[in-house]
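Working through the structure, step by step
So you can see what is in the structure, the chains are spelled out below.
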Amino acid sequence: MELRALQYFVTVAEELHFGRAAQRLGIVQPAVSQQIARLERELGVRLLDRTSRRVRLTLAGERVLAAARKTLAAAARVRVVAGEPAAVLRIGVASCVTRRLDRAVGRLSDGERPAEPKLVDLPVAARLDAVRDGELDLALVRGALASAAVTVVRAWSEPLYAVFAHEHPAARRPAVNLHDLDPYGLRLPARDSDPPMHDAILAALPVAPLRPPAGDMLNVLFEVGRDTEGWTLMAAEQLDGSRSARLLQMPLDPPVTVDGHVVTSLATPESCVASYVAAFAD
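Since the model is a prediction, treat every value here as computed from it, not as a measurement.

One can describe the packing of helix α5 (residues 99-110) onto helix α9 (residues 270-280) by two numbers: an axis separation of 8 Å at closest approach and a directional angle of 135°. It follows that α5 is oblique to α9 by the angle criterion. Two packed elements cross with a definite hand, and for α5 against α9 that hand is right-handed. Contact residues: Arg 100, Leu 101, Arg 103, Ala 104, Arg 107 and Leu 108 in α5; Ser 275, Tyr 276, Ala 278, Ala 279 and Phe 280 in α9. Among the residues forming the contact of α5 with α9, the class breakdown is seven nonpolar, one polar and three charged.

See below:
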């Protein structure tokens, strides 16, 4: 039994989709299918139920998944003990620490390729430049992002929430429709503070903003908190570090999501990109 086969199985089990698993691993889909089939033959059990519409773990697959994760982590520790030190991994992030980031740091530290993450707080544009120039190993960016200067891979999606004061007319609803919010009340930070996120929010809006930007997100939240008609949009995980007793966070109906990306240099090996994406995936 090869560690590679276990890694492929764990990735498919996390994605529940062979195509997405192959993309994360940086290989073609048939290679993933072949490794899973070989692993099933070696173990003598079916690990996955798959149809044309979905993939799901069998009961045996759930048991093997837990053991496979422990095996891969143990193999990584063996390499460290044998003298292969964990590499420092420089990650460009925003200032707030989210549950996803905390979980990913643990995965990167204990995974098959052990690493010692070092978090570097930089604005989005500076993050992308630092990755391109080799000053960062990877960066996390939300929103609409395409660049020929770096490698960009979607790693997760998260919902957008409306944020407004307790006195806002929509405060008593369980969810809010963007069409029901006053366009004049919308506050957005300046685009240069986070261009990809800014563009993703604009794409989600039914009408264009009517007010000029209000500086950075801290200024936006301050303005929203003192205006009974004001509101803004934030990604769910951004709210982890921005909670305030003055503000409400409400889901959208229908839901709107924003993608999160792992950004690496063009020189980063595909296998490394796949492991970084896996660490931050849902």
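The buried count for α9 comes to eight of 11 residues, which makes it a mostly enclosed element. All buried positions along α9 are accounted for by Cys 272, Val 273, Ala 274, Tyr 276, Val 277, Ala 278, Ala 279 and Phe 280.

In this fold, Glu 237 is placed in the loop between β7 (231-235) and β8 (247-251). Note on Glu 237: relative accessible area 13%, which makes it buried. Within polar-contact distance, the side chain of Glu 237 engages the side chain of Arg 100 at 2.7 Å.

Moving on, we come to the nonpolar core. Within the largest apolar cluster, 28 residues are counted, with the highest numbers of intra-cluster contacts made by Phe 164, Leu 181, Trp 231, Leu 233 and Leu 252. Among the secondary structure elements, those contributing two or more residues to this core are β6 (151-165), α7 (195-204), α8 (217-225), β7 and β8. Excluding its chain neighbours within four sequence positions, the residues that come into contact with Trp 231 are Val 163, Phe 164, His 168, Leu 178, Leu 181, Asp 182, Gly 185, Leu 186, Arg 187, Leu 205 and Val 224. Judged by nonpolar contacts, the second largest core, of 22 residues, contains Leu 6, Phe 18, Leu 25 and Leu 57.

What follows concerns the pairing of strand β5 (residues 138-142). Counting buried positions over the five residues of β5 gives five, a clear majority of the element. In β5, alternate side chains face the same way, and those of Leu 138, Leu 140 and Arg 142 on one face and Ala 139 and Val 141 on the other are all buried. Judged from the two bridges that link them, strand β3 (residues 87-93) and β5 form a sheet pairing that is parallel. Directly across from Ile 91, in β5, lies its bridge partner Leu 138.

Cut-offs used in this document
Residues numbered from 1 in each chain as written. Predicted model: local features only at pLDDT ≥ 70, side-chain atom pairs only at ≥ 80, totals over all residues. Heavy atoms only, no water. Axes fitted to C-alpha atoms, helices over the stretch in contact; angles between N-to-C directions. Helix = DSSP H or I, 4+ residues; strand = E, 2+ residues; numbered from the N terminus. Parallel < 35°, antiparallel > 145°, perpendicular 65-115°, else oblique. Left-handed = near helix turned anticlockwise from the far one by under 90°. Contact = heavy atoms within 4.5 Å. Nonpolar A, V, L, I, M, F, W, Y, C, P; charged D, E, K, R; others polar. Buried < 20%, exposed > 50% of the residue type's maximum accessible area, 1.4 Å probe, protein only. Polar contact = N/O pair within 3.5 Å; in protein donor to acceptor, adjacent residues only side chain to side chain. Core = buried A, V, L, I, M, F, W, Y, C linked by side-chain atoms within 4.5 Å. Pairing = 2+ DSSP bridges.

All we've got here are geometric facts, nothing functional implied.
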